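The primary structure of each chain is shown beneath.
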Amino acid sequence: MPTHDEAAQFLREFFTLPPEKQRLFRHALRLMVEDLRRGRSFRPSLRVKGVQGYPGIFEMTWEMPNGRATFSYGTPRRPGDTHIIWRRVGGHDILKNP
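Computed from a predicted model, the values in this text were never measured in an experiment. (Residues numbered from 1 in each chain as written. Predicted model: local features only at pLDDT ≥ 70, side-chain atom pairs only at ≥ 80, totals over all residues. Heavy atoms only, no water.)

Participant: Would you explain the overall build of the chain in this entry?
Facilitator: Within the chain, the secondary structure is distributed over two helices and five strands. Each helix (α) and strand (β) of the chain, taken in turn from the N terminus, gives the series β-α-α-β-β-β-β. In summary, the chain has a C-alpha radius of gyration of 13 Å against a globular reference of 13 Å for 98 residues, a match within 12%. For the C-alpha atoms alone, the extent of the chain along its principal axes is close to 35 × 25 × 25 Å. Across the 98 residues in the chain, those meeting the buried criterion constitute 39%. Considering only contacts within the chain whose residues lie at least 6 apart along the sequence, 46% involve residues at least 24 apart. Carbon and sulfur atoms form 55% of the exposed surface of the chain, whose accessible area is close to 5900 Å². (Helix = DSSP H or I, 4+ residues; strand = E, 2+ residues; numbered from the N terminus. Rg over C-alpha atoms; globule rule 2.2 N^0.38 Å. Buried < 20%, exposed > 50% of the residue type's maximum accessible area, 1.4 Å probe, protein only. Contact = heavy atoms within 4.5 Å. Areas by Shrake-Rupley, 256 points an atom, 1.4 Å probe, with all protein chains shown as cover.)

See the structure below:
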């Protein structure tokens, strides 16, 4: 089971999203966790990729065309489990300072 932390900025941004956008993010998160549990690559619909110019930071698209979340990988809390640190969530503009 993957583990996670959230940056304070992520939490502030998440709780300002409208409820429907929060729901869409949570749905994408469930898909992402499912992929991690199965030990496979992220499904193409999540569009997970590195953020250009920011090594070690990744983005995930949770709503087209503008729902984005950024994350990095942290030190695993349990052997064999992926640890994700959520950094930002919102629109495409979060990529200016992911």
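Participant: Which parts of the structure should I look at to understand helix 1 (residues 8-16)?
Facilitator: Because each turn of an α-helix spans 3.6 residues, side chains separated by three or four positions end up pointing in the same direction. For helix 1, the set of buried residues is Phe10, Glu13 and Phe14. One side of helix 1 carries all its buried residues, which in axial view fall inside an arc of 100°. Along helix 1, exposed side chains directed more than 90 degrees from the buried face belong to Arg12, Phe15 and Thr16. Among the structural elements, strand 1 (3-6), helix 2 (19-38) and strand 5 (83-90) are those in contact with the buried residues of helix 1. (Arc of directions from axis to C-beta.)

Participant: What exactly am I supposed to notice about the sheet that holds strand 5 here?
Facilitator: Across a sheet, paired strands are connected by hydrogen bonds in the backbone, their directions being either parallel or antiparallel. Taken in spatial order, the five strands make up an open sheet running 1-5-4-3-2, and their pairing is mixed. Strands with a single pairing partner mark the edges of an open sheet, and in this sheet they are strand 1 and strand 2 (49-50). Both strand 3 (residues 58-63) and strand 4 (residues 67-74) contribute to a ladder of five bridges, which runs antiparallel. Paired with phenylalanine 58 across the strands is phenylalanine 71, a residue of strand 4. Sitting on the sheet, helix 1 is in contact with strand 1 and strand 5, with an inclination near 45° to strand 5. (Pairing = 2+ DSSP bridges. Axes fitted to C-alpha atoms, helices over the stretch in contact; angles between N-to-C directions.)

Participant: Help me out: how do you make sense of the packing of aromatic side chains in this one?
Facilitator: Here a ring pair, both rings aromatic, is described through the centre-centre distance and the interplanar angle of the planes. Counted by the stated rule, this structure contains 11 aromatic pairs. Seen from their ring centres, phenylalanine 58 and tyrosine 73 are 5.3 Å apart, and the 70° between their planes marks the pair as edge-to-face. Placement of the pair is phenylalanine 58 in strand 3 and tyrosine 73 in strand 4, with a sequence separation of 15 residues. A relative accessible area of 38% places tyrosine 73 in the partly exposed class. An aromatic cluster is built from Phe10, Phe14, Phe15, Phe25, Phe58, Trp62, Phe71, Tyr73 and Trp86, whose rings are joined through pairwise contacts. (Phe/Tyr/Trp six-rings, centres within 6.5 Å; stacked < 30°, edge-to-face > 60°.)

Participant: Please explain the side chain of aspartate 35 as it appears in this structure.
Facilitator: Assignment of secondary structure puts aspartate 35 in helix 2. For aspartate 35, the residues in contact, after removing those within four places along its chain, are Arg40, Ser41, Phe42, Arg43 and Leu46.

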